[in-house]
Structures are given as C-alpha cells and as structure tokens.
Amino acid sequence: MSDSNSKNFRTDSPLDIARWGNPSSDDALLKRDNDDIFEDSKVLVNIGPTHPAMHGAFRCMAKLNGEIIEKSYCEFGYTHRGKEKLGENRTYHQFVVYTDRLNYCSALINNVTYAMSVERLMGIEVPERAVWIRMMCAELARVIDHLICVGINAVDLGAFSYFLYGYHQREKAYTLIEKLCGARLTTSYTRIGGLMSDAPDGWERELKEWIKETRDVVDEMDRLLTENRIWMKRTKGVAIMNREDCIKYSFTGPNARAAGLDVDLRRDQPSMFYDKVDFDVPVAQTGDVFDRYYVRMEEIRQSLNILTQCADRIKKGPIWADDKRTRIPEKDRVYNTMEGLIHHFKFFMSGFDVPKGEAYTPFEAANGELGFYIVSKGGPTAHRMRIRGPSFWHYQGLDPMIRGEYIADLVAALGSINVIAGELDR
Amino acid sequence: MNINTPIHTIYGYFNEKFGTEWKVVAESLTAHFPEAIEATLMPGVADVDMPTFFLKKDQAHAVLQNLKDVLGFNFLTDYTATDEELEPRFHLVIHLMSLSTKCRVRIKIKLADQEKMPTLISLWEGANWAEREIYDMFGIHFEGHPDLRRILMDMRWEGHPLRKDYPLRGYQVFLTPEPLDPELLK
Amino acid sequence: MAKDGSSDFFTTKLDDMVSWARKNSLFPLPFGTSCCGIELMSTLASGYDMARFGAEVVRFSPRQSDLLVVAGIVNLKMAPVLRNIYDQMADPKWVISMGACASSGGIFNVYSVTQGIDTVVPVDVYVPGCPPAPEGLLNALLRLKEMIANGDTHSQRREKALRGELS
C-alpha cells in the first residue's frame, strides 16, 4: 500500500517524506497523556460524525504530523437503515420508495435503475415515451446532483456565493420535478413497468427554458470560480487519485473519469436510448480535486445536451408497458367495479410475482456505477436485494487519497468525491 | 417472460454483443481450471443475466488471478454474499468487469456456516471494505484480512443482520457512543 | 408607551421579556444526517431564507447553539451521539424533529433505526413529511417561536418545574 501510494505525496511538502513510512512511536501515540502529545508533533484529529465538513453523518480520524495527514481512518454506518434487509421483506412495488433514499441528491436515477432491474428480471419492455421520460429524469437528477456537489465543495473551501448560484437553479429544477410527480426530493416516480404519471402538457417546453437558463448559469459559475487563483491553489494537485488506484479501489463515474479511467456506462453499455442521443464523455488526466470538479462541470453541460435532444424527440404515447402483471389498475375501474377493487387490493397487499432468476443491472448514476443485484426465487419479495452504491467504494479511496496532504485539504477531497451517506450506508 | 426475454432498452442485446466473449471465457476457464469450477450457468440457458461460475474455495484465488491478469477482468464491480438457507449456507458473489471490453462475469463461491474464506485484498485493494461489510452483515470470516471489524453496525452489535434468521426488527440499544478503538490508527 | 413618548417606561414580566428575546434569536445546530439535511440546506439557502425569522446563524458547535434541528435518520449507532450533543447544549434548548425518520422511524421499521428520536431527547416540534418541504420547516420554526413565547417548550417547563412554578 505504501509503495503504490507514495506517488500521491505532495512534492512541495516541507517535511521529510521518507520518514512517514515507519513512524516508530505509533503504539504509544494514543496512550500518551496530553502533556507529551506534542513531543513529535503528532496529533489525532477526529472529524465527525456530525461536522459541517462531513456531508452527512460519517467520521474521519486523521493522525497528523504537524499539519500533514499521515494516516486517516474513516468510519461510517451512522445512517444505516437496513435497506437491503427491507428489500427482502417488502414487495417489489413497495421497495420503490426505499430507492429514493439511496442517493437522495439524485433520487430519480435510483428510481429508474431500480425499475430497470426488476423489469429486466420480468422481461418487460416499457413503451417509448416512458423511456424518454426516464432518460430526462436521469439527466435532470444528474445535473442537480452535480450542482450540489460542486456547490458544496466550493462552500467548504470558502466560496459561498458560488453555491447560491447553483442552488437557485436547483430550486427551479425541483419545481420541474414537482410538476412531474408532486415531490421535490424523494420522488418515487417510476413504477415497475411504467411511470407514476405522465408528464404534464408543456413540460418539455418548460424544461427547455430551464435548460437555456441553466446553460447561462453554468457558464457564469464557470467564469466565477474555475480560473479563480485561490480556488486553483486549493484544488490543483490536491488529493490525487491516479488511474491505477482508481481501478484498485473500484472508482467509477466522474471521480474515475477525472483520473483518466474512461468508463461511462451510458456510452459503453447503453441502456434506454442512450445509444440514440449524441453526447461526449469528459475525461481528465490528473485525478485531483480540480479535475473532479471540472469533469462534473462539463458533465452538467453534456447532460443539458442530452436533455435538449430528449425534449425534442419525445412523442405522445402510452407510459405503461403492456403487461398485466405489473399494471396498476385504473382508478376508474377500482372505484366502479368489484373486480377492479379486488385487483387493486391484491396488487398492493400481496404484490406481483417475479420469475426466478438473478440479475445485476448497473446504470451510470451521478456518482458512478449504481447497481441492483436482485436474486429472485419467485414470489413477491426478493431473496436478496444488493445495492452497489458508488459512494461506498469512493469513500474507501479517501484514505490513500489524502495521505500526505494538509488537513485542510481533507475537506476539499471529501467534497470532491461527493460521498452521499444514503448510498454509503444503505 | 423472464430474465432471458431480450429487452433492448435494458441491456437486452447483451446476449448478441457478448455471446462469443462469454463462451471464450467459459471455455478458457474450464480448460485451465477443470478442477476449480463446480458449475457454470450461462445466460439463455439458466436464469442468469451473465455467465456465473461456481468456484471451489481453495482454488478461487488462482482463478480470480487468472481472470484478472490473463482474461482482462480487472475491475471489481461488486463483492457481496447471499444467505441461501441451504447446505452450504452462503454464496459469496463477485461481479467482475473487463475495462477493455466492458464484459461482465459473476463468480460465486459456496461457503458453509463458520467456514472461512481467504481474503482477496491482494488482488483488489477495494475488497477490504466489501469483505468487512460481508463480515458485518453475514458473519463470514476472511482469513488474512488486516482489519476485520464491523463496518456498518456498532462494534458491540450481536448477530449479523442480513442472515435470514436475524429478525427484521431485532433492535439493539446502546446508551453510550461507540468507543474509539485505539488499534485503529496503527 | 404612548405615541408622543410622554411615558418612557412600560411594564412586563421579566419572563416574557426574556422569552421575547430568546425566540427572536435562535441559533440552530443542523444535525442533518440524510435526505432531510438537503431540504434543511434548501431552507437556509436563498430561496426560502430562514434568516427572515431570525435563525440564520448556523452554529455547528452545540455549545454555541440553542436549537437542535434533527434532520434525518438517527439510527441506533447515532442515538448516543445525538444525546451527547443535546447534553452539551446550554439551557434553555429546543429540539425540532424534522421528517418522518426522526419523528417516528418513518418507513424504516428495521433493526438499525431508532423509532423516533423522542426516545433519546425531548422534542418540541415535529415536522411531518419525508422529507418535509422547506415551508414545513419554516412553519415549525414559527410554531416553536410561539411556544417559546408562551413558555411551553420542554426546556422552559423543566426550568419552571425546578422553580416549583409548574402546577
């Protein structure tokens, strides 16, 4: 470990790098009393579980040599909600709401991925309009997630007004999502085999207006921060995770692309209609905080491109798959006929059966590869509902990433990999 | 209509795209490690979405090394376990992806209750936390793991929540915060 | 006090005076753990602007704050931490339980989740919703101010009980 990560050390550090390899007084460090803790200037700093710099509830303990992190230790589980266990105890239909609470910054992507996973097990193809709406949802959520990530990363490093630009635009996006499904954050928009409701008339037009505004705002944000000298000093060359380490620690998404690991499941394993739209995958080379920030900024622009294409190409049509197993009965039938009422009752109380089989369905979520590994043994509940959240793997890479960095850069590094407690702890 | 129904909008064309590649992997593995592979499930025939190889525990490391270095499956996508409630009780599930072809395979290893598994950290550093999570949730021990402790639950927790015999509402209340383990930063 | 300023004093109870001062300068500690934390941030940000109600100075140190906003899940591993933070806050202190998870466990009736933070700390105002819209939190804040003015909060009632004033 020390061998491969030694290249991550900053070369301009005033301390002797070679000395960090074998700290001799490790054992004694935690046992000494306060008087001699400064003996060799090693201090233990505990950040979290509730700390403004930790976005969510997790904990990071860093052993400092002066101002430099020698080793860190990350702990989490403070928001563990047993979603995988609940997946085994709730019906497939009921589990939709739990997927919202995975990555709550981009709940729509989780909804879409989960719906795809179950549909794949059942062999259901949703109609074209539903697919386009799902794609738009995914991209809208991606823009929101990236805006939050770069905004909060900037707040942590002192650029407060930058955050407000992004947040303002995000509120407008939430208004769009509210029109779609009535909720702002936890949307539960998709259903197995379709969508909760159709997009209202003129939604695409409003979306296009929002896209136009957001383009300007993103350009403005770009001008405001990207070439700012302080920002560049705080981010360039900080917390480098190179390509090899990204593979070792299973980094995906923007964090991996910032290090030159050119994987984007939207392009490489296109689901939905991603093979029919035109977009680029931004890739940077260094893998430092700046690259992670800038890849996200570029991805916002690409997502806006995809959104424009989707809004142009979407047509009227059905939003439910022609499959009686998963179709929620029409309200008209439920209220007026006995059979409809029974159907409704059976659908929501006992759920629908999913045929035997197992599938791992990945999708490029805002943070990286989100995958649902569902093992079905028949019946209305899953035998195993594994959720592969990208943050789990990214947070693991935090320790090698920040070794040899200054303690203040821990905040920058953590903000840039965008660890979301919901999908980290599940 | 089940997992083998081709759906274009959800990776449905994978059988055409990766069909030959999957066959090559399966043939290569059976040729090189005839002893190590207990069973092979291929998509289209069995109810799986990607080739699934059941490996023997003793030779799993060698096969995974071969998959990583020779066949190019160098990216550990996911590492988890399932409680099958059968003998042997647990299946370790490893999802691998090839970064060059984006082809995926699934490896399964059967483990009895209390049986130990050699760690995979030497192959992928990222397996560290995944193994800790499996230990936390299923109680599977990993031999040679440098830091096998609970990861999601409190360290004073008893039992392993994702085992099928653990109750859904098996609360355990602690009145003090989780103590700091002085061994952590060694 | 008359409009022409002829009388330059007015009478009130000291308690009311202090409550008035307290309710208009709340220092929230955002204990945001999950989804509700994002909505809490929205409430603090420009669109909804919690500053309008005298509660914009967010303090992350429990010793500098008097309003604990528990936004999001508190599981059994976190519950003792929450109690520690609550104990560190100086009296009088108020607690808003934001969202279904914090108020009752919500949809997460599962092995790791506290079924309501009122098993850990006394809660003054519950905000329903999963997560509540920012308007909901603002409403809770106004309700809390009302309660502080009337001396109805847990902290104030405890104070009164210690003085023997509570019947």
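Residues numbered from 1 in each chain as written. Chains lettered and ligands numbered in written order. Predicted model: local features only at pLDDT ≥ 70, side-chain atom pairs only at ≥ 80, totals over all residues. Heavy atoms only, no water.

Asks: Give me the lowdown on the confidence of the model for chain C, citing residues and values where you can.
Replies: With 93% of its residues at a pLDDT of 70 or more, chain C has an overall mean of 84. Ranking the elements of chain C by mean pLDDT puts helix α1 (residues 14–23) of chain C last, at 83, and strand β4 (residues 125–127) of chain C first, at 92. (pLDDT = per-residue confidence, 0-100. Helix = DSSP H or I, 4+ residues; strand = E, 2+ residues; numbered from the N terminus.)

Asks: Quick one: what's the story with the interface of chain A and chain B, residue by residue and with numbers?
Replies: On the side of chain B, 66 residues touch chain A, which itself brings 76 residues to the contact. Counting each side, the surface lost to burial between chain A and chain B is near 6,100 Å², with a carbon and sulfur contribution of 57%. Our count for the contact surface shared by chain A and chain B stands at ten salt bridges. Between Arg 386 of chain A and Glu 133 of chain B there is a salt bridge; the shortest N-O distance is 3.3 Å. Counting every contact that joins chain A to chain B gives 30 residue pairs in polar contact (both at pLDDT 80 or more). Taken together, the residues that form the side of chain A that touches chain B break down as 35 nonpolar, 13 polar and 28 charged. (Contact = heavy atoms within 4.5 Å. Buried area = accessible area lost by both parts, 1.4 Å probe. Salt bridge = Lys/Arg side-chain N within 4 Å of Asp/Glu carboxyl O. Polar contact = N/O pair within 3.5 Å; in protein donor to acceptor, adjacent residues only side chain to side chain. Nonpolar A, V, L, I, M, F, W, Y, C, P; charged D, E, K, R; others polar.)

Asks: Would you mind going over the sheet that holds strand β3 (residues 94–98) of chain C in detail, with residue names and values included?
Replies: Residue and element names in this part refer to chain C. If you trace the four strands from one edge of the open sheet to the other, you get β1-β2-β3-β4, paired in parallel fashion. Each edge of the open sheet is held by one strand with a lone partner, namely β1 (28–32) and β4. Neighbour-to-neighbour, the strand axes of the sheet open up by a mean angle of 15 degrees, direction not taken into account. Here strand β2 (residues 67–71) runs beside β3; their pairing, made up of five bridges, is parallel. If you follow Leu 67 over to β3, its bridge partner there is Trp 94. (Pairing = 2+ DSSP bridges. Axes fitted to C-alpha atoms, helices over the stretch in contact; angles between N-to-C directions.)

Asks: How would you sum up the environment of Tyr 126 of chain C? Please name residues and give values.
Replies: Residues and elements named next belong to chain C. Within the secondary structure, Tyr 126 is located in strand β4. As for Tyr 126 and Val 74, which are separated by 52 residues in sequence, their C-alpha atoms are 14 Å apart. Those residues within four positions of Tyr 126 in sequence are excluded, and the remaining contacts are Ser 97, Ser 103 and Asp 118. Within the structure, Tyr 126 has its side chain in polar contact with the side chain of Asp 118 (distance 2.8 Å).

Asks: Requested: an account of the interface of chain C and chain A, with residues and values cited.
Replies: Contacts between the two partners involve 29 residues from chain C and, on the opposite side, 34 residues from chain A. In total, about 2,600 Å² of surface goes out of reach between chain C and chain A, with carbon and sulfur atoms giving 67% of it. A salt bridge links Glu 39 of chain C to Arg 184 of chain A; the nearest nitrogen and oxygen atoms lie 2.8 Å apart. For the pair chain C and chain A, the interface holds eleven residue pairs in polar contact (both at pLDDT 80 or more). Counting residues per element, the ones that place at least two in the side of chain C that touches chain A are β1, α2 (35–44) and α3 (79–88) of chain C.

Asks: Got a sec to walk through the nonpolar core? Specific residues and values, please.
Replies: With 201 residues, the main nonpolar core has Tyr 395 of chain A together with Tyr 79 of chain B as its most contacted residues. Of all the elements, helix α6 (residues 128–156) of chain A adds the most residues to this core, at 17 residues. Of the domains in this structure, domain 1 (7–75) and domain 2 (93–425) of chain A are the two that each give at least three residues to this core. When near neighbours in sequence (up to four residues on either side) are disregarded, Tyr 79 of chain B contacts Arg 386 and Trp 393 of chain A together with Leu 92, Val 93, Ile 94, Met 117, Leu 120, Ala 127, Ala 130, Glu 131, Ile 134 and Phe 142 of chain B. One finds Leu 40, Ala 71, Trp 94 and Val 127 of chain C within the second-largest nonpolar core, a separate group that totals 22 residues. (Core = buried A, V, L, I, M, F, W, Y, C linked by side-chain atoms within 4.5 Å. Buried < 20%, exposed > 50% of the residue type's maximum accessible area, 1.4 Å probe, protein only. Domains from an automatic or database assignment.)

Asks: Describe in detail the packing of aromatic side chains, supporting the description with residues and values.
Replies: What the rule picks out here adds up to 29 aromatic pairs over all chains. Both rings, one in Trp 132 of chain A and one in Phe 273 of chain A, keep their centres 4.9 Å apart while their planes meet at 50 degrees; by these two values the pair is tilted. On the criterion of sequence distance, the pair formed by Trp 132 of chain A in helix α6 and Phe 273 of chain A in the loop between α12 (265–268) and α13 (289–313) is long-range, its members being 141 residues apart. Side by side, Trp 132 of chain A and Phe 273 of chain A carry an identical accessibility label, which is buried. Seen from their ring centres, Tyr 395 of chain A and Trp 129 of chain B are 5.7 Å apart, and the 70 degrees between their planes marks the pair as edge-to-face. (Phe/Tyr/Trp six-rings, centres within 6.5 Å; stacked < 30°, edge-to-face > 60°.)

Asks: Got a sec to walk through the pattern of salt bridges? Specific residues and values, please.
Replies: As enumerated under the stated definition, the model contains 56 salt bridges over all chains in all. Linking Glu 213 of chain A and Lys 172 of chain A is a salt bridge whose minimum nitrogen-to-oxygen distance equals 2.8 Å. Remark: Lys 172 of chain A occurs in helix α7 (residues 160–181) and Glu 213 of chain A occurs in helix α8 (residues 203–225); sequence separation between them is 41 residues. Under the relative-accessibility criterion, Glu 213 of chain A is labelled partly exposed at 34%. Lys 172 of chain A sits in the partly exposed class, given a relative accessible area of 32%. Two residues, Lys 102 of chain B and Asp 268 of chain A, come together in a salt bridge whose shortest N-O distance is 3.9 Å. One end of the pair, Lys 102 of chain B, is in the loop between β4 (90–97) and β5 (104–111); the other, Asp 268 of chain A, is in helix α12, on a second chain. For Lys 102 of chain B, a relative accessible area of 10% translates into the label buried. Classification of Asp 268 of chain A by relative accessible area gives buried; the value is 13%. Through salt bridges with shared partners, a single network forms among Glu 139, Arg 142, Arg 257, Asp 264, Arg 266, Glu 299 and Glu 364 of chain A.

Asks: Describe the environment of Val 123 of chain C, naming the residues involved and giving the relevant values.
Replies: All names here are of chain C. Looking at the element boundaries, Val 123 is found in the loop between α4 (100–104) and β4. Among the residues examined, Val 123 registers a relative accessible area of 5% and is labelled buried. Separated by 105 residues in sequence, Val 123 and Val 18 have C-alpha atoms that sit 21 Å apart.

Asks: For the domain arrangement of chain A, give the residues involved together with the corresponding values.
Replies: Residues and elements named next belong to chain A. The domain architecture assigned to chain A consists of domain 1 (7–75) and domain 2 (93–425). Domain 1 and domain 2 are separated by 35 Å when their C-alpha centres are compared. With 27 residues of domain 1 in contact, the opposing surface of domain 2 contributes 26 residues. In this structure, the connection of domain 1 to domain 2 is made through zero salt bridges. Scanning the region where domain 1 abuts domain 2 turns up five residue pairs in polar contact (both at pLDDT 80 or more). Those elements giving two or more residues to the side of domain 1 that touches domain 2 turn out to be β2 (59–65) and β3 (68–75). The element contributing the most residues to the side of domain 1 that touches domain 2 is β3, with seven residues.

Asks: Now, about a nonpolar patch on the surface: what can you tell me, with residues and values included?
Replies: Together, Leu 14, Met 17, Val 18 and Trp 20 of chain C make up a nonpolar patch on the protein surface, roughly 420 Å² of accessible area in all. Within the secondary structure layout, Met 17 of chain C lies in helix α1. (Patch = residues over 30% accessible without salt bridge, like charges linked within 9 Å, V, L, I, M, F, W, Y side chains within 5 Å. Areas by Shrake-Rupley, 256 points an atom, 1.4 Å probe, with all protein chains shown as cover.)

Asks: Explain unusual backbone geometry to me, and be specific about the residues and the numbers.
Replies: With omega at -10 degrees, the peptide bond leading from Glu 87 of chain B into Pro 88 of chain B counts as cis. Residue position: Pro 88 of chain B is located in the loop between β3 (75–83) and β4. At the junction of Asp 91 of chain C and Pro 92 of chain C, the peptide bond is cis and its omega measures out at -10 degrees in the coordinates. Take Pro 92 of chain C: it is sitting in the loop between α3 and β3. The phi dihedral of Ser 188 of chain A falls on the positive side, at around 50 degrees, and the residue is not glycine. Tracing the backbone shows Ser 188 of chain A in the loop between α7 and β4 (190–191). You will see that Gln 114 of chain B, though not glycine, has its phi angle at about 70 degrees, which is positive. Note on placement: Gln 114 of chain B falls in the loop between β5 and β6 (116–118). Among the residues examined, Gln 114 of chain B registers a relative accessible area of 63% and is labelled exposed.

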